[in-house]
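Coordinate inspection notes
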Amino acid sequence: MACKRGALIVLEGVDKAGKTTQCKKLVQALQQSGRPAEMMRFPDRTTTIGQLISAYLEKKSELEDHTVHLLFSANRWEMVPSMKKKLDQGITLVVDRYAFSGAAFTSAKPGFCLDWCMKPDVGLPKPDLVMFLQLSPSEAALRGQFGEERYETSVFQRAVQQKFEQLMKDPSVNWQVIDASQNIEGVHNSIMDHSLNAINTAQDQLLGELWK
Ligand code: FDM
């Protein structure tokens, strides 16, 4: 019998919600329980496209808003062959940000609508589970100052949060909202429960296409 496919699991959320910490903990816990798992993140700053994006985020270069949006999407598409290969091999992928960040961040800019922002990512591998780490702006503020990169202001983050709320109304995506104000272990336990369910369900299903 062919090996069962891995699950595509995405963590999204506003800044300071603990996405990266939780992705790492999830991968470690899955591996320790004997389930092959790897972490990925978007943007993937290691590729040629990723380096253009990284320079833009670090404010070392300027890019026109539509252009950078399409680069973020291209940075996902360029990883699709290796993502599919790993999922086919039974490896579960835990992804720190995906097309939802792409649509939420650009559509929070003036002159952009969510619909246009979603288009370039239509047809990407569809996550089996998307967990949104929910944290109120006041709780995020208690976790310290924002960094120096582009988009790291409380005004912009509020606009992004509203766009995520719109995206979460889409019933074609398996959204789960996680209360990120719990302690690290509490958040991890919720994430682990949802992930084990998704892994069990995904193994007998074909990988879907996002927003199609
Ligand atoms: N971001 C991330 C986007 O604007 N579009 C995207 O498609 C993605 C994946 O880039 F501000 C934004 C979100 C965040 C920044 O930060 C990346 P991290 O710290 O590397 O996640």
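Residues numbered from 1 in each chain as written. Predicted model: local features only at pLDDT ≥ 70, side-chain atom pairs only at ≥ 80, totals over all residues. Heavy atoms only, no water.

So the rule is basically this: UniProt positions are given in the numbering used here, feature names are shortened, and annotations may be inferred rather than shown by experiment.
In the annotation of an unreviewed UniProt entry, the chain is listed under the name Thymidylate kinase and assigned to Stegastes partitus. As recorded by UniProt, the Pathway (unreviewed entry) comment attached to the chain reads in full: "Pyrimidine metabolism; dTTP biosynthesis." In its Sequence similarities (unreviewed entry) section, the UniProt entry covering the chain states "Belongs to the thymidylate kinase family."

Topic: the UniProt feature "domain: Thymidylate kinase-like" (unreviewed entry) in the chain
Definition in use: Note on conventions: DSSP H or I runs of at least 4 residues are helices, E runs of at least 2 residues are strands, and numbering of each starts at the N terminus.
Within this structure's numbering, the places UniProt gives as "domain: Thymidylate kinase-like" (unreviewed entry) are residues 11–191. Between the end C-alpha atoms of residues 11–191 the distance is 9 Å, and the span holds 49% helix and 14% strand.

Observations regarding the nonpolar core
Threshold: Here, nonpolar core means buried Ala, Val, Leu, Ile, Met, Phe, Trp, Tyr and Cys residues that are tied together by side-chain atoms lying within 4.5 Å of each other. For each residue, the accessible area found with a 1.4 Å probe, counting protein chains only, is set against the maximum for its type, and the residue is called buried under 20%, exposed over 50%, and partly exposed in between. Residue contacts are counted whenever heavy atoms from the two residues lie within 4.5 Å of one another.
Tyr98, Phe100, Phe164, Leu167 and Trp211 are the most contacted members of the largest nonpolar core, which has 41 residues in total. By residue number, the principal contributor to this core is helix α5 (residues 99–107), which donates five residues. Aside from chain neighbours lying at most four places away, what touches leucine 167 is Phe100, Ala103, Ala104, Leu114, Met118, Trp175 and Trp211. Core analysis: the second largest hydrophobic core is formed by 24 residues, Ile9, Cys23, Leu30 and Ile191 among them.

Concerning the site of the ligand
Put simply, the rule reads: We call a residue near a molecule or strand when any one of its heavy atoms sits within 4 Å of it. Here a polar contact means two N or O atoms within 3.5 Å. Within protein one must be a hydrogen donor candidate and the other an acceptor candidate, and residues neighboring in sequence count only if both atoms are side-chain atoms. Each accessible area value is a Shrake-Rupley result obtained with a 1.4 Å probe; residue values ignore everything except the protein chains displayed when judging cover. Three classes are used, and their members are as follows: Ala, Val, Leu, Ile, Met, Phe, Trp, Tyr, Cys and Pro are nonpolar, Asp, Glu, Lys and Arg are charged, and the others, Gly among them, are polar.
Residues in close proximity to the ligand include Arg41, Phe42, Pro43, Arg45, Leu57, Phe72, Arg76, Arg97, Ser101, Gly102, Phe105 and Tyr151, which together make up its full environment. Between the ligand and arginine 45 there is a distance of 3.0 Å, counted from an oxygen atom to a side-chain nitrogen or oxygen. In the environment of the ligand, an oxygen atom lies 2.7 Å from a nitrogen or oxygen atom belonging to the side chain of arginine 97. For the ligand, the protein covers 91% of the area, taking 480 Å² as the surface of the free molecule. Going through the elements one at a time, α3 (65–77) and α5 are the ones with two or more residues in the shell around the ligand. Looking at the shell around the ligand, the element that brings in the most residues is α5, giving three residues. Across the shell around the ligand, the residue classes tally to six nonpolar, two polar and four charged.

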